[in-house]
Amino acid sequence: MQPSSKWNRRGFLGSGAAIAGLLATVGKSFGWARASSPASATVSGLGQSGNVYDELGVATVINCEGTMTMLGGSLPHPELEAVMLQAGRHFVSMPELEVAAGKRIAQMLKLPDGFTALVTSGAAAAIQSGLAGILTGDNEALIRQLPDLTGMKSEVIIQKSHRNPFDHQLRTTGVRLVEIETREQLRRAVNERTAMMHFTNFANADGQIKVDEWPKLAKQYNLPCMNDAAADTPPVSHLWDYTVMGYDLVTFSGGKAIRGPQCAGLLIGRTDLVANALLNNSPHEDTIGRSQKVGKEEIVGMVKALELYLNEDHDALSREWQMRLDSIASQVKKVPGVSTSFFTPDIANHVPHLHITWDETRVHVTPKEASKWLRGTKPSIVIGSGEGRPGLTMSSFMLQPGEDTIVSEQLVKLFRDHAA
Ligand SMILES: *Cc1c(COP(=O)(O)O)cnc(C)c1O
């Protein structure tokens with residue numbers, strides 16, 4: 001299976017050797033062979049065993065849940081390591097780097113004219129700085145003044161069903177969220193204090209106004225609109241779909257399915273709004289976004305991650321993820337009373353999922369207990385129970401080679417141990 005070769009441990013080791021070679025070359029040409037010694041193959045102290053988590057006494061887990069920030073998001077593409085090390089070898093003007101990275105991303109994504117991107121410390125930071133830029137423009141005094149909104153607009157309109165924990169990043173700017181449900185309520189909510197219309201991509205099905213109509217209404221009311229699509233690749237086309245649809249700003253996580261640096265994200269949008277977002281963000285001081293520092297390494301890493309992501313064979317990856325689930329399903333359904341089915345969520349973690357259910361009169365364990373039992377095995381396996389469905393639900397796109405076998409063996413053991 002070719003696709004898996006990109007994910008295996010040999011890939012990591014291979015890139016480690018490549019980095020050592022690269023550093024030796026760089027070190028020689030700059031005469032800092034000694035300064036570069038920490039990056040040569042041997043590490044003493046923390047990291048000497050090759051597993052920093054073991055050394056710190058923190059158990060690593062097998063991730064069947066997906067790109068959960070709570071579990072570390074995703075594992076960065078191995079090629080990022082070398083590129084991020086290169087980025088850490090020089091000083092540059094950070095604002096200049098941000099603009100250049102944005103231009104490169106715009107080219108790669110073939111964004112419409114007048115659109116660019118900003119690498120932020122995550123999608124959450126992109127939400128906050130995007131809105132901050134809309135509120136302040138390029139006015140230095142207003143930038144320093146946030147979240148005191150005196151002299152600025154102060155309301156953001158959002159559909160009631162689109163409220164979610166990440167709208168905290170809108171509220172940190174000081175704005176009040178105005179909830180609406182119908183088109184008529186939207187019309188009445190728009191006033192001279194309205195700064196922006198916000199859309200939560202994963203909530204598309206829940207609101208009366210859908211993803212394609214929201215930017216049209218925003219145009220009609222002459223308001224900028226933002227779409228938080230943080231976790232909504234794959235499909236890869238989502239990276240440009242929403243700007244084409246008319247959104248002025250769109251946010252993505254870098255450290256989820258794109259497998260960029262964990263502390264990176266993207267604000268994609270109108271060049272003027274993105275420039276004002278940057279003025280409200282690190283490295284600029286006395287700004288609301290100064291606490292959301294994004295490093296030169298993450299900026300470069302994010303550009304590289306996108307390059308790699310765009311060149312990936314997404315159909316082959318999807319087939320690989322399905323095959324892993326097929327093999328797990330074929331084993332667990334051999335246990336009497338256990339059934340399996342497959343589904344793919346329409347949006348957010350739009351990848352194959354396996355749903356495992358069982359007859360609790362034959363297998364005496366509740367989904368919650370099953371999830372806890374798997375969490376307690378060695379290695380620990382994280383599988384969700386619930387999410388509106390009975391039983392256990394898992395994805396396979398964050399599994400490392402060989403982990404599907406461990407998961408399948410432990411699931412079979414779980415069900416056999418609890419069988420009547
Ligand atoms: C993960 C997520 C975010 C935050 O993204 P970070 O890159 O972790 O900052 C924001 N909105 C939604 C819907 C998310 O799923």
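Described in the following lines is the structure provided in the data block. What you see is a predicted model, and the numbers here were worked out from it, not measured in a lab. (Residues numbered from 1 in each chain as written. Predicted model: local features only at pLDDT ≥ 70, side-chain atom pairs only at ≥ 80, totals over all residues. Heavy atoms only, no water.)

1. What about helix α9 (residues 213–220)?
No. 1: Among the residues making up α9, those that are buried are Trp 214, Pro 215, Leu 217 and Ala 218. One side of α9 carries all its buried residues, which in axial view fall inside an arc of 160°. The exposed residues of α9 that point more than 90 degrees off its buried face are Lys 216, Lys 219 and Gln 220.
No. 2: Those residues of α9 hidden inside the fold are in contact with β3 (155–159), β4 (176–180), α8 (183–189), β5 (194–200), β6 (225–228) and α10 (238–245).
No. 3: Directly after α9, the chain includes Asn 222, whose backbone phi takes a positive value near 60°. (Buried < 20%, exposed > 50% of the residue type's maximum accessible area, 1.4 Å probe, protein only. Helix = DSSP H or I, 4+ residues; strand = E, 2+ residues; numbered from the N terminus. Arc of directions from axis to C-beta. Contact = heavy atoms within 4.5 Å.)

2. Points about the site of the ligand
No. 1: Around the ligand sit Thr 69, Gly 122, Ala 123, Ala 124, Phe 166, Phe 202, Asp 228, Ala 230, Ala 231, Ser 253 and Lys 256, and those are all the residues in its vicinity.
No. 2: The contact in question runs from an oxygen atom of the ligand to an N or O atom on the backbone of Ala 124, over 2.9 Å.
No. 3: Within the side chain of Ser 253, one N or O atom sits 2.4 Å away from an oxygen atom of the ligand.
No. 4: Contact with the protein chains hides 85% of the accessible area of the ligand, taken as 380 Å² for the molecule alone.
No. 5: Residue composition of the shell around the ligand, grouped by class: 6 nonpolar, 3 polar and 2 charged. (Near = heavy atom within 4 Å. Polar contact = N/O pair within 3.5 Å; in protein donor to acceptor, adjacent residues only side chain to side chain. Areas by Shrake-Rupley, 256 points an atom, 1.4 Å probe, with all protein chains shown as cover. Nonpolar A, V, L, I, M, F, W, Y, C, P; charged D, E, K, R; others polar.)

3. A look at the side chain of Asn 280
No. 1: If you trace the backbone, Asn 280 turns up in the loop between α11 (271–279) and α12 (296–311).
No. 2: Within polar-contact distance, the side chain of Asn 280 engages the backbone oxygen of Asn 276 at 3.0 Å.

4. Quick notes on the sheet that holds strand β10 (residues 353–358)
No. 1: Strands sit in the order β9-β10-β13-β12 across an open sheet of 4 strands; the sheet is antiparallel. Of all the strands in the sheet, the pair left with one neighbour each is β9 (338–343) and β12 (384–385).
No. 2: In this sheet, β10 lies alongside β9 in antiparallel orientation, the contact comprising 6 bridges. When the sheet's bridge partners are listed, Ser 339 is paired in β10 with Thr 357.
No. 3: Here helix α14 (residues 367–375) sits on the sheet and contacts β10, β12 and β13 (392–395); the angle it forms with β13, its principal contact strand, is near 45°. (Pairing = 2+ DSSP bridges. Axes fitted to C-alpha atoms, helices over the stretch in contact; angles between N-to-C directions.)

5. Overview of the nonpolar core
No. 1: Within the largest apolar cluster, 52 residues are counted, with the highest numbers of intra-cluster contacts made by Ile 105, Met 197 and Trp 214.
No. 2: Here this core spans two domains, since at least three of its residues come from each of domain 1 (5–35 + 75–310) and domain 2 (314–417). (Core = buried A, V, L, I, M, F, W, Y, C linked by side-chain atoms within 4.5 Å. Domains from an automatic or database assignment.)

6. Observations regarding the sheet that holds β6
No. 1: Strand order in the open sheet formed by 7 strands is β2-β8-β7-β6-β5-β3-β4, with mixed pairing between adjacent strands. Each having just a single partner strand, β2 (115–120) and β4 make up the two edges of the open sheet. Across the sheet, the mean angle separating the axes of adjacent strands is 25° when strand polarity is ignored.
No. 2: In the sheet, strand β7 (residues 249–253) pairs with strand β8 (residues 265–270) via 5 bridges, with the strands oriented antiparallel. In the strand pairing of β8, Phe 252 is matched with Leu 266.
No. 3: Across the sheet, α10 lies against β2, β6, β7 and β8, angled at about 165° from β7, the strand it touches most.
No. 4: Strands β2, β7 and β8 of the sheet are contacted by α11, whose axis makes an angle of about 135° with β8.

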